[in-house]
Amino acid sequence: MNTLIKGYKIVLAVLAPALILTGCSTSADSNGKENIFGTSEGLVYQGTIEAKEVSINSKIPGRILKILVEEGAEVKAGDVLVEIESEELKAKKAQAEALLQQAMAGYEAAKGQEDAAQAGYDAAKGQLDAANSQLQKAENGARAQEIAQAQAYYELMQKTYDRVQKLYEKGAVSAQKRDEVYTQLEVAKQQLSIAKEGARVEDKSGAQALVNQAMAGVQAALAKVDQAKAATQAAAEKVEQAKAGVAEVEAYLKDTKIAAPINGVVTEINAHEGELVSTGMSIAVVSDIENAWIEVQVKETDLEKITLGQNVEVKVPSYSKETFKGKVVRINQKPDFATKRATNDNGDFDIMSFGVKVELDDRGSKALRPGMTAFVRFVK
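Residues numbered from 1 in each chain as written. Predicted model: local features only at pLDDT ≥ 70, side-chain atom pairs only at ≥ 80, totals over all residues. Heavy atoms only, no water.

Overview of the overall build of the chain
When its secondary structure is counted, the chain shows five helices and 13 strands. The buried share of the chain, taken over its 380 residues, is 31%. A separation threshold of at least 6 residues defines the contact pool for the chain, and within that pool the share at least 24 residues apart is 76%. Accessible surface, the chain: about 24,000 Å² in total, of which carbon and sulfur atoms supply 51%. (Helix = DSSP H or I, 4+ residues; strand = E, 2+ residues; numbered from the N terminus. Buried < 20%, exposed > 50% of the residue type's maximum accessible area, 1.4 Å probe, protein only. Contact = heavy atoms within 4.5 Å. Areas by Shrake-Rupley, 256 points an atom, 1.4 Å probe, with all protein chains shown as cover.)

Notes on the nonpolar core
Of all hydrophobic cores here, the largest spans 23 residues; its most connected members are Ile294, Val314, Val356 and Phe378. In this view, Val314 contacts Phe37, Ile294, Glu322, Thr323, Phe324, Leu360, Ala374, Phe375 and Val376; residues no more than four positions away in its chain are not counted. Counting 18 residues, the second-largest nonpolar core is a separate cluster that includes Val54, Ile67, Val69 and Leu81. (Core = buried A, V, L, I, M, F, W, Y, C linked by side-chain atoms within 4.5 Å.)

So, a negative patch on the surface
A contiguous patch of negative charge on the surface is contributed by Glu50, Glu53, Glu71 and Glu268. When you line up the elements, Glu53 lands in strand S1 (residues 43-57). (Patch = residues over 30% accessible without salt bridge, like charges linked within 9 Å, V, L, I, M, F, W, Y side chains within 5 Å. Salt bridge = Lys/Arg side-chain N within 4 Å of Asp/Glu carboxyl O. Lys, Arg positive; Asp, Glu negative; His and termini not counted. Charge placed at Lys NZ, Arg CZ, Asp CG, Glu CD.)

With respect to the packing of aromatic side chains
Counted by the stated rule, this structure contains one aromatic pair. Ring centres of Tyr161 and Tyr182 lie 5.4 Å apart, and the angle between their planes is 55 degrees; this geometry places the pair in the tilted category. Taken as a pair, Tyr161 in helix H3 (residues 144-169) and Tyr182 in helix H4 (residues 175-197) lie far apart in primary sequence, 21 residues in all. We classify Tyr161 as buried; its relative accessible area is 17%. Over the aromatic face of Tyr168 sits the side chain of Arg178, whose NZ or CZ is 4.2 Å from the ring centroid. The positively charged end of Lys357 is found above the aromatic ring belonging to Trp293, 4.3 Å away from the centroid. (Phe/Tyr/Trp six-rings, centres within 6.5 Å; stacked < 30°, edge-to-face > 60°. Lys NZ or Arg CZ within 6 Å of the ring centre and 35° of its normal.)

Quick look at the confidence of the model for the chain
Put simply, the chain has an average pLDDT of 80, and 82% of its residues get 70 or more. With pLDDT under 50 throughout, residues 1-34 is counted as low confidence; its partners more than four residues away or in other chains account for 22 contacts. (pLDDT = per-residue confidence, 0-100.)

Remarks on the pairing of strand S13 (residues 373-378)
Each regular strand shows side chains that alternate between the opposite faces of the sheet. Burial runs high along S13: five of the six residues are buried. Pairing of S1 with S13 involves six bridges; the strand directions are antiparallel. Paired with Gly47 across the bridge in S13 is Ala374. (Pairing = 2+ DSSP bridges.)

What to know about the pattern of salt bridges
A complete count under the given rule lists nine salt bridges for this structure. The closest approach of N and O atoms between Glu87 and Lys90, which form a salt bridge, is 3.8 Å. Of this pair, Glu87 and Lys90 both sit in helix H2 (residues 87-140), separated by three residues, roughly a single helical turn. We note a salt bridge from Arg178 to Asp179, for which the minimum N-O separation is 3.5 Å. Judged by its relative accessible area of 38%, Asp179 is partly exposed. Each of Glu313, Lys325 and Arg377 takes part in salt bridges that share partners, so that together they form one network.

So, the layout of surface pockets
Considering only enclosed or pocket space, the second largest pocket measures out at about 200 Å³ in volume. For the second largest pocket, the lining is made up of 13 residues, of which Ile56, Asn57, Lys59, Ile258 and Ala259 are closest to its centre. Those elements that place two or more of their residues in the lining of the second largest pocket are S1 and strand S5 (257-259). Per element, the largest residue contribution to the lining of the second largest pocket is four residues, and it comes from S1. (1 Å grid on protein atoms, 1.4 Å probe; cavity = no way out; pocket = protein on both sides within 12 Å on 5 of 7 lines; lining within 4 Å. Points joined across faces, edges and corners; volume = space filled by probe spheres on them.)

Here's the deal with the pairing of strand S9 (residues 311-316)
Among the six residues that make up S9, five are buried, leaving the element largely enclosed by the rest of the structure. Note: S9 against strand S10 (residues 319-331), five bridges, orientation antiparallel. The residue of S10 that forms the bridge with Val314 is Phe324. Turn length for the S9-S10 hairpin, with the two strands adjacent in sequence and antiparallel, is two residues. Bridge analysis of S9 against S13 gives four bridges, and the strand direction is antiparallel. The partner of Lys315 across the bridge, within S13, is Phe375.

Some details on the sheet that holds strand S7 (residues 276-277)
With antiparallel pairing, the four strands of this open sheet are ordered in space as S5-S4-S2-S7. Only two strands of the sheet have a single partner each, and these edge strands are S5 and S7.

A short note on the environment of Ala242
Counting through the fold element by element, Ala242 comes out in helix H5 (residues 201-254). Classification of Ala242 as buried rests on a relative accessible area of 11%. Each C-alpha atom, one on Ala242 and one on Gln102, is 9.1 Å from the other, the two residues being 140 residues apart in sequence. Residues in contact with Ala242, not counting those within four places in the same chain, are Leu99, Leu100 and Ala103.

Written as structure tokens, this is what we have:
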């Protein structure tokens, strides 16, 4: 007799969850209340309201300076929820800014040296151009205009001497006057010769020496310019590195103000002001209850009665007088778990369960929060 009673209790223990899961019975419960869907037809399952939840945590360690929201508060994406205080980051920012100022000063000094080297190069280049001009003049001789001028002067003095010589022969002029004109003729002759032949060899050599000296000066000045440009480039790279350091610290400081990543409701606050938090520690949770859904586990034996897009009716004990409309949006391809069920005299087998996701078409102004119990009836 005791064995039969024990066996009967075991059967009840196995069958009871099945009755709760299917929810299709129309009998009264132990308190005399009808099932939540009454005597309506249709497959009924119990599930849980779920929603997208985002854990709010800190990217940096520090002390919580201020918590700006309370549990249940509605927030928008971008709203600041928590402020973290970090004296270490403030010190690092001051250090990074000091390094940036130092790098900027070094760059300005290097740029000034580069400008000075460039000015020296320009001056050396000018000296080389002048030396080349003198050398060219020495090699090419006088210009055509100068030669023509010397030729004209020589011819003038030759005619003048011829006239004076004739006058001297007639006794009209003195020998001294004739000699003076002759001397002027010789000077004009020499000037014409110099204009035609160019500078002397020693003058050309001197001009070439000046060119060589100027070229050496240009090469030395160019080397200084290259050296100064390299120093300026190195200084510019240090400035960029210092700027990157400041930007990195500023990014970390920006992370001290933790904002909501989504629209939703603050469903949990797991820390207090003044508390030290580490990287990754959950401070709060924001849930997107506007887009809540229901997840139910359906026996494989009932799965043929459910299709994608199928209409459903939903009731929530918190709003017993409301019936919400929805539809099936997902049927899992793989089972979630198996329930042991007695079947026949040959033994038992496992009946698998598959997750079915239901979205509500319109929940009105009712606040359906994650974790609430929901009963889903799959309309035929």
